[in-house]
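The primary structure of each chain is shown beneath.
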Amino acid sequence: MAGSFFKGCFLSLFDYKTEKYIVAKNKKVGVLYRLIQLSFIGYIIGWVFVSKKGYQETDEAIQSSIITKLKGVSVTNTTESGLLVWGPEDYVIPPQGEAVLFVVTNFLETPNQKLGYCAENPKVLNGHCRDDKDCEEGKMIVAGNGIMSGRCLGKDENSTGTCEIYGWCPIERIFKPQGPLLTNAENFTIYIKNFIQFPKFTFSKSNVLDTADDSFLKKCRFDKDLHPYCPIFRLGDITRRAGYNFQDMATFGGSIGIVIEWDCDLDKGYSNCHPQYHFTRLDVSVSNKTIAAGFNFRHTRYFKNAAGREVQHHPNSHQCWLRAGFDGCWSFHL
């Protein structure tokens, strides 16, 4: 019995079978059947191939490099420094920017600081004292400006004083600026050169117009419609495109995000792959009243006076900065 069963199974492998069809002479059923067929065909052609381009390969591992350069001149005239002319070598820190670029638009200055003894800033909470024992000699104050000397200065019977410190004296001046000192900074221009490559397709392009005209970059300014391949941006135009006034931001600084988007359909050719720029302010909350708004950093300049003594010049600079990410997505901060 077992042999006959296995023999029948083996011989059935060589049987030829045909399907049996039933033809229904009903127009409603026929129309419904064809509509179902067409809907599947329409989905595959219209959605998968035309809309989503499912037949295409994609390359999201875009390689990108950013080079930036600023140009422009401004003048300041302060009590401490007098009349100064500011060029890119003065207000751009670091001088050559790639991922991050800082542009000084305002500063608070503490000139001619020398190492010595002076009273701690009253705004430093742990620097307050009533007598000398509150100022432990050699102790560092959190968020302070130096090392305690052991003396309490400015004390009397009805109020507290501040501890004497050894540090850079006079201590840093802190006050609320009334306006930007580099008022002409909005007319500074920034050259943003972006190279991108899709390695899977060996395709590369730049946001700079491919032209033999040497004067093009000297006279052009970016315009979405007229000059989309001019990489020269006026700082005032960047903040305006982000929805803000440059002079309003330049006093306390800010942060503007710049995104260079390359979304290219290579089926349409080289000439249809264009950069798209997007500008957004990053350092404000929904309420626009956050204490985190603005941007600033500290910077010192050291030199020796006529007596050979080291002196530091300490401006606290409010500024703009530009950030370009590895993937071609950018941020610009003021």
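Just so it is clear, the structure is predicted and the values come from calculations on it, not from any experiment.

*Asks:* Quick one: what's the story with the environment of S149, residue by residue and with numbers?
*Replies:* You can see S149 is positioned in strand β7 (residues 146-153). S149 sits 14 residues away from C163 along the chain, and the two C-alpha atoms are 7.6 Å apart. Once you skip the residues sitting within four places of it in the chain, S149 turns out to touch Y117, E137, E164 and I165. Only 2.6 Å separates the side chain of S149 from the side chain of E164, close enough to count as a polar contact.

*Asks:* Got a sec to walk through the pairing of strand β3 (residues 82-86)? Specific residues and values, please.
*Replies:* Relative to β3, strand β2 (residues 74-78) runs antiparallel, the two being bridged by five bridges. Residue pairing in the sheet places T76 in a bridge with L84 of β3. Where β2 folds back onto β3 in an antiparallel hairpin, the turn is made up of three residues.

*Asks:* Kindly report on unusual backbone geometry, identifying the contributing residues and their values.
*Replies:* Here the bond from C169 into P170 is cis, since omega is 0 degrees, no more than 30 degrees from zero. Mapping P170 onto the fold places it in the loop between β8 (161-169) and β9 (189-198).

*Asks:* So what about the side chain of Q113? Which residues, and what values?
*Replies:* Relative to the assigned elements, Q113 resides in strand β5 (residues 100-119). Within the structure, Q113 has its side chain in polar contact with the backbone oxygen of P170 (distance 2.8 Å).

*Asks:* Can you tell me about the state of the cysteines, naming the residues and giving the values?
*Replies:* Here the structure, examined in full by the defined rule, presents five disulfides. Each disulfide pairs two cysteine sulfurs, and for C129 the partner residue is C152, the sulfurs being separated by 1.9 Å. With the S-S bond torsion at 90 degrees, the cross-link from C129 to C152 turns out right-handed. One end of the pair, C129, is in strand β6 (residues 128-129); the other, C152, is in strand β7, and 23 residues separate them in sequence. Accessibility expressed as a relative area gives 2% for C129, which makes it buried. On the basis of relative accessibility, which here comes to 5%, the residue C152 falls in the buried class. The side chain of C135 participates in a disulfide bridge whose partner is C163; the two sulfur atoms lie 2.0 Å from each other. On the S-S bond that ties C135 to C163, the torsion sits near -85 degrees, and the link is left-handed. Of this pair, C135 sits in the loop between β6 and β7 while C163 sits in strand β8, placing them 28 residues apart in sequence. Per residue, the accessibility class of C135 equals that of C163, and both read buried. If the cysteines joined by disulfides in the protein chain are listed in sequence order, their pairing comes out as 1-6, 2-4, 3-5, 7-8, 9-10.

Criteria and cut-off values
- Residues numbered from 1 in each chain as written.
- Predicted model: local features only at pLDDT ≥ 70, side-chain atom pairs only at ≥ 80, totals over all residues.
- Heavy atoms only, no water.
- Helix = DSSP H or I, 4+ residues; strand = E, 2+ residues; numbered from the N terminus.
- Contact = heavy atoms within 4.5 Å.
- Polar contact = N/O pair within 3.5 Å; in protein donor to acceptor, adjacent residues only side chain to side chain.
- Pairing = 2+ DSSP bridges.
- Disulfide = S-S within 2.5 Å.
- Buried < 20%, exposed > 50% of the residue type's maximum accessible area, 1.4 Å probe, protein only.

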